[in-house]
Amino acid sequence: MESEKASGAGNSPQRLTLEAWASSSPASGSPEESKNKIVVTVLGKDRIGIIARVTGVLAQHHVNILDISQTIFGELFSMTLIGDIGRADIPFVELKRELVAAGQELGVRVLIQRQEVFERMHRP
Amino acid sequence: MPFTTQEILETIRMVEVEHFDIRTVTLGISLRECATPDAKALSANVYEKVVRIASRLVPVAQEVQDEFGIPIINQRISVTPVALVVEPAVVAAGSSAAAQEILVEVARALDRAAAEVGVNFIGGFSALVDKGCTPADWALIESLPAALASTNRLCASVNAASTRAGLNMDVIARLGTIIQQIARATADRGGSGCARFVVFANMPGDNPFMAGAVHGLGEPEIALNVGISGPGVVLEAIRRLGKNRPLQEVAETIKRTAFKITRAGELVGREVAARLGVPFGILDLSLAPTPEVGDSVAEILEAIGVDVVGAPGTTAALALLNDAVKKGGAMASTSVGGLSGAFIPVTEDAGMVAGVARGALGLEKLEAMTSVCSVGLDMIPLPGDTPAHTLVGILADELSIGVINHKTTAVRVIPVPGKKAGERVDFGGLLGGGPILPVSAFGCNVLAQRGGRIPAPLQSLRN
């Protein structure tokens, strides 16, 4: 992890990185920044290439991935990802359409929502 | 990760499996500026204003639903109680027949405006008559059968009682007959005109739910009110809790669940309001069932612990549920208003229908239940030959519960033409269907004929 790399580094660039990292949490920020954040959830049967395909669509449209996590329970695959659509080249609904279509090709369910929903529900 | 996978999946499960949704975004519009003695201009003004203000409501709600992933099931409109807007035209009309024609024209204009902007209901064909009636109020009441029969989306209501004024029994006595007439005028649709008409005590002016929505007195020019619903989410949370946990934990679980869905609902509501460029009004967190299995308030009561809804213990379980929902909602948002509680419409709730069919739930138990929850005797199909004075008695009983207990109560009953107790009726869609409930063979003709007023209750010596 970054914190281990930076330990004992005095005022080195790593230390500055550490301070910057410590003072910001990866997926919160100002309300404006928060509005640009999306949560993509993929649910379905595990197979090769799910993450590659979904992140491929995001990269193609300049969506920056801020965080990603995946879990496999038996055959069931779940992935949650946080992305920043601040510089995306297409509107939200079109991105949604492409991700849902990619999910259909893979035989998995893809959901895409603005992050605010989860903030309001779970971070009062 | 700012959220755990579990938290993200919890939200998704609420929507995908447990029917969490925004039941309605209701745009409240003041029609006061539309008043004019010229009947033609009045209908034109009303139509023009509703269409102008609400034209973007449906597409904007769709957009927000797509982006936030929480379904917005209905978009609706509420307007100033129409009796207030038609006053100058009614006075100018001269005769009561001419006045009623004006009212029916306004009703049709509202219905056309609702169709034009694509909302499924428009509420506010209403009169506020808890103490007395103006000529326009009477004209509106008398026009109800024709107005509801010649429209499909219009919802009507009458506030016939309040804790401050008591019960206006002159109006309530007349409404028994009017309800029969509405049923007959819409007999081709199972009397479903009555499903678009509610009689209230202590009617709220900011309720987004139909059929009782109005844009009341003291409201701003425009406001977006939001009705959130989630009986399925509460039901599953209680089921997960298990049967051996004490009731305070049941209440706590309901409160926490209500909190979460209120937070998400407020976000969605405020976003719709912001994109429409209109002020956000209130958030009404009400557990409003639909005929779908798993989206039932009756099933929640059964999960709390009664064998079947209507059994002894039902009123206590409902009291716990209603209070915990309010507490969770009030903690989650400072904009909670409207009705906010649990609804118990019979035909719209598969569990209530099952309770009636099993003989566990009848009119009398429903009346008791309404003393501890939102709304009142709601969506109850009655025999088509129920006498008018019996309907008057049912209305007066239910409204008295509201008046004495300082709360909103209401009656939406449908005397289904040509049907007897035990036969089935199907209204279709969200209105559902179910067996006709029996009514008492004993009436209250003398009480109904007396008319006058039941005085407002004492505010002290409260025991």
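Residues numbered from 1 in each chain as written. Chains lettered and ligands numbered in written order. Predicted model: local features only at pLDDT ≥ 70, side-chain atom pairs only at ≥ 80, totals over all residues. Heavy atoms only, no water.

Engineer: It is not clear to me how helix α4 (residues 50-60) of chain A should be interpreted in this structure. Could you clarify?
Structural biologist: An α-helical segment advances 3.6 residues per turn. Residues three or four places apart therefore align on the same side. Residues and elements named next belong to chain A. The set of residues buried in α4 consists of Ile50, Val54, Thr55, Val57 and Leu58. For α4, the angular spread of buried residues about the axis comes to 150 degrees, placing them on one side. Looking at α4, the residues exposed on the side facing more than 90 degrees away from the buried face are Ala52, Ala59 and Gln60. For α4, the secondary structure elements touched by its buried residues are β1 (37-45), β2 (64-73), β3 (76-84), α5 (92-106) and β4 (108-114). Immediately downstream of α4, the backbone of His62 shows phi near 60 degrees, a positive value. (Buried < 20%, exposed > 50% of the residue type's maximum accessible area, 1.4 Å probe, protein only. Helix = DSSP H or I, 4+ residues; strand = E, 2+ residues; numbered from the N terminus. Arc of directions from axis to C-beta. Contact = heavy atoms within 4.5 Å.)

Engineer: Please explain the pattern of salt bridges as it appears in this structure.
Structural biologist: Working definition: two side chains of opposite charge can pair if their charged atoms are close together. In the structure shown here, the tally under the stated rule is 30 salt bridges over all chains. Residues participating in the shared-partner salt-bridge network are A:Lys35, A:Arg114, A:Glu116, B:Glu63, B:Glu67, B:Glu271 and B:Arg275. (Salt bridge = Lys/Arg side-chain N within 4 Å of Asp/Glu carboxyl O.)

Engineer: Where do I start with the packing of helix α9 (residues 247-276) of chain B against helix α11 (residues 314-332) of chain B in this structure?
Structural biologist: The angle between the axes and the distance between the axes are what describe a pair of packed helices. All names here are of chain B. At their nearest, the axes of α9 and α11 sit 7 Å apart, and the two run at 45 degrees to each other. As far as their axial angle goes, α11 and α9 are oblique. Crossing geometry of α9 relative to α11 is assigned as right-handed. Where α9 abuts α11, its residues Leu247, Val250, Ala251, Ile254, Lys255, Ala258, Phe259, Thr262, Arg263 and Glu266 lie against Leu320, Leu321, Ala324, Val325, Lys327, Gly328, Gly329, Met331 and Ala332. (Axes fitted to C-alpha atoms, helices over the stretch in contact; angles between N-to-C directions. Parallel < 35°, antiparallel > 145°, perpendicular 65-115°, else oblique. Left-handed = near helix turned anticlockwise from the far one by under 90°.)

Engineer: Whenever I open this one, the environment of B:Gly434 confuses me. Can you help?
Structural biologist: All names here are of chain B. Tracing the backbone through its elements, the reader meets Gly434 in strand β12 (residues 433-435). The class of Gly434 is buried, set by a relative accessible area of 1%. Measuring from C-alpha to C-alpha, the distance between Gly434 and Pro381 comes to 7.7 Å, with 53 residues separating the pair along the chain. With sequence-adjacent residues up to four places away left out, Gly434 is seen in contact with Thr347, Val353, Glu423, Arg424 and Val425.

Engineer: Teacher, can you tell me more about the layout of surface pockets here?
Structural biologist: Remark: the empty space left among the atoms is shown by a probe the size of a water molecule rolled over them. Residue and element names in this part refer to chain B. Taken as a whole, the largest pocket encloses approximately 410 Å³ of empty space. Taken together, 29 residues form the lining of the largest pocket, with Arg76, Met210, Ala211, Glu348 and Arg412 sitting closest to its centre. Of all elements in the fold, only β6 (197-201), β9 (376-383) and β10 (409-416) reach the threshold of two or more residues within the lining of the largest pocket. Here the element with the most residues in the lining of the largest pocket is β10; it accounts for three residues. Partitioning the lining of the largest pocket into residue classes produces 19 nonpolar, four polar and six charged. Domain assignment of the residues forming the lining of the largest pocket places at least three in each of domain 1 (23-201) and domain 2 (230-454). (1 Å grid on protein atoms, 1.4 Å probe; cavity = no way out; pocket = protein on both sides within 12 Å on 5 of 7 lines; lining within 4 Å. Points joined across faces, edges and corners; volume = space filled by probe spheres on them. Nonpolar A, V, L, I, M, F, W, Y, C, P; charged D, E, K, R; others polar. Domains from an automatic or database assignment.)

Engineer: Please clarify how the domain arrangement of chain B should be interpreted in this entry.
Structural biologist: Where interface size is given, it is often the accessible area lost as the parts come together that is meant. Residues and elements named next belong to chain B. Under the domain assignment used here, chain B contains domain 1 (23-201) and domain 2 (230-454). Counting from both sides, the interface comprises 47 residues of domain 1 and, opposite them, 46 residues of domain 2. Across the domain 1/domain 2 interface, buried area totals approximately 3700 Å², and carbon plus sulfur atoms make up 71% of it. The three residues of domain 1 that bury the most area against domain 2 are Arg23, Leu167 and Met169, which together make up 17% of that side's buried surface. At the junction of domain 1 and domain 2, the tally comes to three salt bridges. Note that Glu63 is salt-bridged to Arg275, the shortest N-O span being 2.9 Å. Seen at the junction of domain 1 and domain 2, the total is 13 residue pairs in polar contact (both at pLDDT 80 or more). Among the elements of the structure, β1 (21-29), α3 (57-68), β2 (72-79), β4 (154-162), β5 (166-168), α7 (169-185) and β6 are those that each provide at least two residues to the side of domain 1 that touches domain 2. (Buried area = accessible area lost by both parts, 1.4 Å probe. Polar contact = N/O pair within 3.5 Å; in protein donor to acceptor, adjacent residues only side chain to side chain.)

Engineer: Got a minute to help me understand the interface of chain A and chain B in this structure?
Structural biologist: Between chain A and chain B, the residue contacts involve 31 residues of the former and 27 residues of the latter. Contact between chain A and chain B buries roughly 2700 Å² in total, counting both sides, with carbon and sulfur atoms accounting for 63%. When the area that chain A buries against chain B is broken down by residue, the three leading residues are A:Arg120, A:Met121 and A:His122, summing to 27%. Inspection of the region where chain A meets chain B yields five salt bridges. With a closest N to O distance of 3.0 Å, B:Glu266 and A:Arg120 form a salt bridge. Counting across the chain A and chain B interface gives 11 residue pairs in polar contact (both at pLDDT 80 or more). Listing elements by their share of the side of chain A that touches chain B, those giving two or more residues are β1, β2, β3, α5, β4 and α6 (116-122) of chain A. If you tally residues by element for the side of chain A that touches chain B, the top one is α6(A), at seven residues. A breakdown of the residues in the side of chain A that touches chain B according to their chemical character gives 14 nonpolar, eight polar and nine charged.

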